[in-house]
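Structural description and commentary
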Amino acid sequence: MEFEEDSTASKRMKIAENEDPITKVQFSALIVDDDPLIRKIHSEVLNSLGFQTRVAKSGKEAVDLYHAGANFDIVFMDMQMPVMNGIEATKELRGMGVSTKIVGVSSECSESEIEAFILAGLDLYYAKPLTDANKIIPLMEDLKNKSVPNEGPKKTM
């Protein structure tokens, strides 16, 4: 089925009804954020698109999950967190050989902070909160077609 040109509500309705073949494949996502409200918002958005979600309250908790053998299709990583921030956690995960797509989601960051976050090993960066399903659907397409080569990190606001 094709979507109408400007119909975000239509897209969401079709996603909810699982008419979109992308959502027939279930993906797992790790949401790493110290803010409980952001964890809830991101979980609800991702769950509505068919993701299985798990949350971590810090970068250290995310790294510990991977050390314990957990694996996810995608990680949504906040930058500013206590214990271990997103930059440190992303570097640590990449240093462990984790090739999972890592999407940085943060707010109130300077250009230099965003650049440092991207250089740590992000695949993509979004300003939070991540509430727009239209930003996540292309990520789902990428996950479904893992054979598509990664074009390197991108920054979108």
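Now for a quick tour of the structure.

Attention shifts here to the environment of L65. Tracing the chain through its elements places L65 in helix α3 (residues 59–67). Residue L65 is classed as buried on the basis of its relative accessible area of 12%. Spatially, the C-alpha atoms of L65 and L30 are 9.7 Å apart, while their sequence positions differ by 35 residues. With near-sequence residues (within four places) excluded, L65 lies in contact with L30, R54, A56 and A70.

The next subject is helix α2 (residues 36–48). The terminal C-alpha atoms of α2, which comprises 13 residues, lie 18 Å apart, in line with the 18 Å expected from a rise of 1.5 Å per residue. Every buried residue belonging to α2 is among I38, R39, H42, S43, V45 and L46, and all of these are buried. Down the axis of α2, the sector holding all buried residues measures 165°, keeping them to one side. Exposed side chains of α2 directed beyond 90 degrees from the buried face belong to P36 and L37. One or two positions beyond α2, positive phi appears at G50, with a value near 100°.

Here we take up the packing of α3 against helix α4 (residues 86–95). The geometry of a pair of packed helices is captured by two quantities: the angle between their axes and the separation between those axes. Where α3 contacts α4, the two axes come as close as 8 Å, and the packing angle between them is 15°. As judged from the angle between their axes, α3 and α4 are roughly parallel. Note on packing geometry: the crossing formed by α3 with α4 is right-handed. Contacts between α3 and α4 involve G59, A62, V63, Y66 and H67 from the first element and A89, E92 and L93 from the second.

Counting 26 residues, the largest nonpolar core has L30, V32 and M77 as its most contacted members. Contributing elements (two or more residues each) for this core: β1 (28–32), α3, β3 (74–77), α4 and α5 (111–119). With four residues, the single largest contributor to this core is α3. Listed in part, the 19 residues of the second largest apolar core include L49, F51, F76 and L143.

Here is what the cut-offs are and how they apply
- Residues numbered from 1 in each chain as written.
- Predicted model: local features only at pLDDT ≥ 70, side-chain atom pairs only at ≥ 80, totals over all residues.
- Heavy atoms only, no water.
- Helix = DSSP H or I, 4+ residues; strand = E, 2+ residues; numbered from the N terminus.
- Buried < 20%, exposed > 50% of the residue type's maximum accessible area, 1.4 Å probe, protein only.
- Contact = heavy atoms within 4.5 Å.
- Expected span 1.5 Å × (residues − 1).
- Arc of directions from axis to C-beta.
- Axes fitted to C-alpha atoms, helices over the stretch in contact; angles between N-to-C directions.
- Parallel < 35°, antiparallel > 145°, perpendicular 65-115°, else oblique.
- Left-handed = near helix turned anticlockwise from the far one by under 90°.
- Core = buried A, V, L, I, M, F, W, Y, C linked by side-chain atoms within 4.5 Å.

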